[in-house]
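Residues per chain, in single letters:
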Amino acid sequence: MENILNLIQNLLIADFRTATPILLAGIGLIYMYRAGIVNIGVEGTMLIGAFAGSYGAYIFNNVWMGILVAGIVGGIVGAIFAFLIITIKADQIVTGVAINILAIGLTTTLNRILFGVNTSPPEIPSIGKISLPYLSEIPFIGRLLFNQLSMVYLALLLVPITYYIFYKTTIGLKIRAVGDHPKAADTAGVNVFKVRYWTTIFGSMLAGIGGAFLSTGILSFFTEDMVAGRGFIALAAVIFGNWNPWGVLGASLLFGFGDAIQIRIQAMGSNIPYQFLIMVPYLLTITALAGLVGKVNPPKASAEPYIKEE
Amino acid sequence: MPADTKIDIKKIAIPIFSVLVSFILGGIIIKMMGLSPSTAFKALMQGGIGNINALGETFVKATPLVFTALSYAFAYKAGLINIGAEGQLYMGGFLATLVGTNFQGLPMYIHLPLAIIAAFIGGGLWGLVVAWLKVRFNANEIITTVMLNYIAMNWISYLVTGPMKAPPGNYPQSKDILSTALLPNILPGSRLHLGLLLAVLMLIFYYIFFKKTKTGYETRIVGRNRKAADYAGMKSKKLSLLIMFIAGGVAGLAGASEILGIQGRMIEGFSPGYGFDGIAVALLGLNSSFGIGLSAIFFGFLRSGGNMMQMLAQVPVSVISIITGLVIIFVIAGQAISNNRIAGLQKIIDLFKRSEPNNGKHS
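Just so you know, the residues in each chain are numbered from 1, in the order the chain's sequence is written. By the order in which they are written, chains take letters starting at A while ligands take numbers starting at 1. It should be noted that, the model being predicted, local features are given only for residues of pLDDT at least 70 and side-chain atom pairs only at 80 or more, the latter also being counted only at that level, while totals for whole chains, interfaces and linings use all residues. Hydrogens and water molecules were not included; the side-chain quantities draw on all heavy atoms of the structure.

Colleague: Looking at this structure, how should I read the overall build of chain A?
Modeller: Across its full length, chain A holds 12 helices and 2 strands. Each helix is a run of DSSP H or I of at least 4 residues and each strand a run of E of at least 2, with the numbering of both proceeding from the N terminus. Ordered by position from the N terminus, the helices and strands of chain A form the series α-α-α-α-β-α-β-α-α-α-α-α-α-α. Computed over C-alpha atoms, the radius of gyration of chain A comes to 20 Å, within 12% of the 19 Å expected from 2.2 N^0.38 for 310 residues, which places it in the range of a compact globule. The C-alpha extent of chain A, read off along each of the three principal axes, is 65 × 45 × 40 Å. Here chain A displays about 12,900 Å² of accessible surface, and carbon together with sulfur accounts for 66% of that area. The charged-residue count follows a simple rule in which Lys and Arg add positive charge and Asp and Glu add negative charge, with His and chain termini not counted at all. Charge coordinates come from a single atom per side chain, which is NZ of Lys, CZ of Arg, CG of Asp or CD of Glu. Averaging the positions of the 17 positive and the 14 negative side-chain charges in chain A gives two centres separated by 7 Å. We compute the radius of gyration over the C-alpha atoms and compare it with the globule rule, which gives 2.2 Å times the number of residues raised to the power 0.38. Shrake-Rupley sampling with a 1.4 Å probe provides the accessible areas, and residues are treated as covered by the protein chains on show and by no other component.

What follows is the structure, given as structure tokens:
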């Protein structure tokens, strides 16, 4: 009994860790999606963030500088994406696919040039744990909730903040209006282009930081293609979480749990087909999209460019 | 009719211009690495068209790209965005392997076609799921195809580490494909196989389907305006199901060509992203059969030359992905600009553009 409880606790601790990059990118995606932007390029943005984060941490010998670099670089990727899809009105989906291909090329190339091909990756500073006094001593949930990597707390904090922004402030109202009825929002004096630019840049910064958590939090080095579909899982989490920050938190924890178990199964060298666990987020998202479980309400102007009538 | 047959210089200029700019940027990146762009591009040429083997390799890589690009193009004509060719490719490869490793004793002229048809059905059913979710539940095909890609990849991973793993089971791969189901070599001294012919046949099929058949014509109408098509009595739902079955099926052929023509067995992750590169191929080829053929050869050339570039000029082969990504971005941006006429940017384009009358076309 003791053992099983221990195992569950360890899995849940790992779950918060594996859920964090999904949650960060997912929250970023909410900002974009709510403004009517479907950014499939989030996978590539995370990969670029993962590389920028580890390289930044390595150069400055400080993990938080790495996170900062990842955020800035993610924001730049977002700005380029925004320029292409908002100003030039290029197709959002195809542009996203291009960013993913570009990201694989860029990060692999830079990694080989900056860190060399055959050498093992250099150790870089990684994110430390913060143990909250007293709280972390609560049995079971203490170690789970109050003895985590510092980035985990930051990601969790973003959930109520984002909820507050979307449902209690005029900024949130504007973003939602732009995503649902861009024309009406424009008539009401909201600058549709400006809102879409800023949500894309901010959302991509979060995706970049989410990627950096993979290379500086879960691991402490960059490996090629290390995001491995987590950007798409974040997209799935946003849809399954019904574009709501709390929903996305729940979905991230659910999907992260599968990830945590899968890592454990692979580490044990067990024959349990972990592949089915990896499929769960995608299957759930499809059933959610089909309206088979719950009902999803995507922003109405998703993936449509806004063309202002003169 | 006249609008379709007229060759639009501007339309063709965008892909050519995009390729040129991407290569120049690629050269700058190579230069920034402290390597020589001219050595790199020379190696690229050598690896892409330098000898029979290199030339064969270019077409070997172009073959699956024709299939995945056609998959995107088929769906696109029906107004559907198919990001799922990668998953459809895997499911096609799965059924091709299932048929190809069984039925010992069948003659080749039955076994090989059977394996190819199985691949088409495998990919087609995976595409059909997308269309069914779309017409029955109104589930966005962009998202469902992305999700189904990962389900298919993990399904293959499960099969080759589990039920389909070849004994004694040291490697995550299936049994060898029986010789009667292998696509035979068609160019001695290279790896070029009969799959190329299949790709050419599919290009012709694509051309005939959309130019000469009633169903193809209706599909294009549905793609342009679903509501109007329904109003005119066309069954847009039925057509969506049919087209996604074909689109998936064609992508499934890419799986067959890889497994029956190159690998000889199913391994984990046997596609190096052909499904996604197919989108680039279709875009660059302007969704026309001739254009897709040409741009598949171009991307095949990049992939086969890229390896030589890495060997001879120490330029990482991943530079090819950078060039691919850039090509897509420039093509899609160029098309959007020419469709939407943006004030500031339009002035720049006007400088390059021949004086063509503006017919106010929005496609």
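Colleague: I would appreciate a short explanation of the interface of chain B and chain A in the present structure.
Modeller: Many structure descriptions define interface size as the accessible area lost when the parts assemble. Contact residues are listed per partner, giving 43 residues for chain B and 42 residues for chain A. For the pair chain B and chain A, the summed buried surface comes to about 3,600 Å²; carbon and sulfur atoms form 83% of the total. The term buried area refers to how much accessible surface (probe radius 1.4 Å) is lost by two components on association, counted for both of them together. By the criterion of area lost to chain A, the three top residues of chain B are Ile 143, Met 147 and Tyr 150 of chain B, representing 17% of everything that side buries. Salt bridge, as applied in this entry: a Lys or Arg side-chain nitrogen positioned within 4 Å of an Asp or Glu carboxyl oxygen. On the surface where chain B and chain A come into contact, there are 0 salt bridges. Nitrogen and oxygen atoms within 3.5 Å of one another constitute a polar contact, given that in protein one can donate a hydrogen and the other can accept it, and given that sequence-neighbouring residues count only through two side-chain atoms. Where chain B meets chain A, there are 3 residue pairs in polar contact (both at pLDDT 80 or more). Gly is placed with the polar residues, together with every amino acid not listed as nonpolar (Ala, Val, Leu, Ile, Met, Phe, Trp, Tyr, Cys and Pro) or charged (Asp, Glu, Lys and Arg). Here the residues of the side of chain B that touches chain A are counted per class, giving 31 nonpolar, 11 polar and 1 charged. Residues are treated as being in contact if the distance between any of their heavy atoms lies within 4.5 Å.

Colleague: Explain the nonpolar core here, please?
Modeller: The tendency in soluble globular proteins is for nonpolar side chains to be buried as a group. Residues and elements named next belong to chain B. To form a nonpolar core, buried Ala, Val, Leu, Ile, Met, Phe, Trp, Tyr and Cys residues must be joined to one another through side-chain atoms within 4.5 Å. Here's how the labels work: a residue is buried when its accessible area is under 20% of the maximum for its type, exposed when over 50%, partly exposed in between, all with a 1.4 Å probe on protein chains only. Within the largest apolar cluster, 185 residues are counted, with the highest numbers of intra-cluster contacts made by Leu 70, Phe 74, Leu 260, Met 266, Phe 299 and Leu 302. With 13 residues, the top contributor of residues to this core is helix 14 (residues 319-340). Among all residues touching Leu 302, those that are not within four sequence positions of it are Phe 23, Leu 44, Ile 320 and Ile 323.

Colleague: What's the story with the packing of aromatic side chains in this structure? I'm lost.
Modeller: The description of an aromatic ring pair uses the distance of the two centres, along with the angle that the planes make with each other. For this analysis, a ring pair means two rings from Phe, Tyr or Trp (six-membered ring only for Trp) whose centres lie within 6.5 Å, classed as stacked if their planes differ by under 30 degrees, edge-to-face if by over 60, and tilted for the remaining angles. Taken as a whole and judged by the stated rule, the model has 29 aromatic pairs over all chains. Pairing Phe 51 of chain A with Phe 222 of chain A gives two aromatic rings, centres 5.2 Å apart and planes at 85°, and the pair type is edge-to-face. One end of the pair, Phe 51 of chain A, is in helix 2 (residues 42-60); the other, Phe 222 of chain A, is in the loop between helix 9 (192-218) and helix 10 (230-240), with 171 residues separating them in the sequence. For the pair Phe 51 of chain A and Phe 222 of chain A, a shared accessibility class is recorded, and that class is buried. For the ring pair Phe 209 of chain B and Phe 210 of chain B, a centre distance of 4.9 Å and an interplane angle of 90° mean the geometry is edge-to-face. The residues Phe 209 of chain B and Phe 210 of chain B share a single accessibility class, namely buried. Each residue in the set Phe 74, Phe 205, Tyr 206, Phe 209 and Phe 210 of chain B is aromatic and connected to the rest through ring pairs, giving one cluster. It is Lys 77 of chain B that lies over the ring of Phe 210 of chain B; its NZ or CZ is 5.6 Å from the centre. Both a distance and an angle decide whether a charge sits over a ring: NZ of Lys or CZ of Arg must be within 6 Å of the ring centre and within 35 degrees of the ring normal.

Colleague: Honestly, the environment of Met 266 of chain B in this entry has me stumped. Any pointers?
Modeller: Residues and elements named next belong to chain B. Its location among the elements puts Met 266 in the loop between helix 11 (236-263) and helix 12 (274-284). Met 266 sits in the buried class, given a relative accessible area of 0%. Measuring from C-alpha to C-alpha, the distance between Met 266 and Lys 175 comes to 7.7 Å, with 91 residues separating the pair along the chain. Every residue in contact with Met 266, bar those within four places of it in the chain, is listed here: Gly 93, Phe 94, Thr 97, Ile 156, Leu 159, Val 160, Met 164, Gln 173, Ser 174 and Ile 259.

Colleague: Would you mind going over helix 4 (residues 52-77) of chain B with me for this structure?
Modeller: Residues lying three or four places apart along an α-helix face the same way, a consequence of the helix completing one turn every 3.6 residues. Residue and element names in this part refer to chain B. For helix 4, with 26 residues, the first-to-last C-alpha span of 36 Å sits near the 38 Å given by 1.5 Å per residue. Here helix 4 lies mainly inside the structure; 20 of its 26 residues are buried. Note on helix 4: the residue one or two positions beyond its end, Gly 79, has a positive phi of about 80°. To estimate how far a helix should extend, the number of its residues minus one is multiplied by 1.5 Å.

Colleague: Teacher, can you tell me more about a nonpolar patch on the surface here?
Modeller: Residue and element names in this part refer to chain A. A surface patch of nonpolar side chains, about 600 Å² in accessible area, is lined by Ile 4, Leu 5, Ile 8, Leu 135, Ile 138, Phe 140, Ile 141 and Leu 145. At the level of secondary structure, the elements contributing two or more residues to the nonpolar patch comprise helix 1 (2-34) and helix 5 (141-145). With 3 residues, helix 1 is the single largest residue contributor to the nonpolar patch. In this structure, Phe 140 sits in the loop between strand 1 (129-131) and helix 5. A patch is a set of surface residues, each over 30% in relative accessible area and not in a salt bridge, joined within 9 Å for like charges and within 5 Å for the nonpolar side chains Val, Leu, Ile, Met, Phe, Trp and Tyr.

Colleague: Got a minute to help me understand the side chain of Gln 88 of chain B in this structure?
Modeller: Residue and element names in this part refer to chain B. Relative to the helices and strands, Gln 88 resides in helix 5 (residues 85-101). Here Asn 82 takes part through its side chain, which lies 3.2 Å from a polar atom of the side chain of Gln 88. Once you skip the residues sitting within four places of it in the chain, Gln 88 turns out to touch Ser 71, Asn 82, Gly 123, Trp 126, Gly 127, Met 244, Ala 247, Gly 248, Ala 251 and Gly 252.

Colleague: Is there a simple way to think about the packing of helix 12 of chain B against helix 13 (residues 289-313) of chain B in this case?
Modeller: When two helices pack together, their arrangement is given by the angle between their axes and by how far apart the axes lie. All names here are of chain B. Two elements in contact, helix 12 and helix 13, have axes separated by 8 Å at closest approach and are oriented at 130°. Looking at the two axes, helix 12 sits oblique to helix 13. Crossing geometry of helix 12 relative to helix 13 is assigned as right-handed. Together, Tyr 274, Asp 277, Ala 280, Val 281, Ala 282 and Leu 284 of helix 12 and Ile 292, Ser 295, Ala 296, Phe 298, Phe 299 and Arg 303 of helix 13 make up the contact between the two elements. Considering only residue class, the contact of helix 12 with helix 13 consists of 9 nonpolar, 1 polar and 2 charged. Whenever a helix is involved, its axis is fitted only over the stretch in contact; in every case the axis is a line through C-alpha atoms, and angles between N-to-C directions fall within 0 to 180 degrees. Throughout, the term roughly parallel applies to angles under 35 degrees, roughly antiparallel to angles over 145, roughly perpendicular to angles from 65 to 115, and oblique to all others. By definition, any crossing whose near helix is turned counterclockwise from its far helix by less than a right angle is left-handed, and any crossing with a clockwise turn is right-handed.

Colleague: Where do I start with unusual backbone geometry in this structure?
Modeller: Among all residues save glycine, negative phi is the norm, and among peptide bonds the norm is trans. All names here are of chain B. Between Pro 167 and Pro 168 the backbone carries a cis peptide bond, its omega angle lying at 5°. Checked against the element boundaries, Pro 168 lands in the loop between helix 7 (141-161) and helix 8 (195-212). For Phe 103, which is not a glycine, the phi torsion comes out positive at approximately 60°.

Colleague: It is not clear to me how the environment of Ile 151 of chain B should be interpreted in this structure. Could you clarify?
Modeller: Inspection of the secondary structure puts Ile 151 of chain B in helix 7. Ile 151 of chain B sits 99 residues away from Ile 52 of chain B along the chain, and the two C-alpha atoms are 38 Å apart.

Colleague: Where do I start with the confidence of the model for chain B in this structure?
Modeller: Parts of the prediction with low pLDDT should not have their coordinates interpreted in detail. Across chain B, pLDDT averages 89, with 92% of residues at or above 70. Confidence drops under a pLDDT of 50 for residues 1-5 of chain B, and excluding neighbours within four residues, the segment shows 2 contacts in the predicted structure. pLDDT is a per-residue confidence score from the predictor, ranging from 0 to 100.

Colleague: Quick question: what am I supposed to make of the side chain of Glu 43 of chain A here?
Modeller: Residues and elements named next belong to chain A. By the secondary structure assignment, Glu 43 is in helix 2. Buried and unpaired, Glu 43 has no salt bridge, with Arg 230 as the nearest side chain of opposite charge at 7.6 Å. A polar side-chain atom of Glu 43 sits 2.8 Å from the main-chain amide nitrogen of Gly 231. Side-chain polar atoms of Glu 43 contact the backbone nitrogen of Phe 232, separated by 3.3 Å.

Colleague: What exactly am I supposed to notice about helix 2 of chain A here?
Modeller: Helix length check: helix 2 of chain A (19 residues) gives 26 Å between terminal C-alpha atoms against 27 Å at 1.5 Å per residue, within 8%. Remark: Asn 61 of chain A follows helix 2 of chain A within two positions and exhibits a positive phi of approximately 55°.

Colleague: Explanation requested: the pattern of salt bridges in the structure shown.
Modeller: Opposite charge on two side chains lets them pair, provided their charged atoms get close. Residue and element names in this part refer to chain B. A full pass over the atoms with the stated rule returns 8 salt bridges over all chains. The residue Arg 191 makes a salt bridge to Glu 57 at a minimum N-O spacing of 2.5 Å. Placement of Arg 191 in the loop between helix 7 and helix 8 and of Glu 57 in helix 4 is noted, with a sequence separation of 134 residues between them. Using a relative accessible area of 13% as the deciding quantity, one classes Glu 57 as buried. Here Lys 214 and Glu 218 are joined by a salt bridge, their closest N and O atoms 3.4 Å apart. Of this pair, Lys 214 and Glu 218 both sit in helix 9 (residues 214-224), 4 residues apart, roughly one helical turn. The class for Glu 218 is buried, based on a relative accessible area of 18%.

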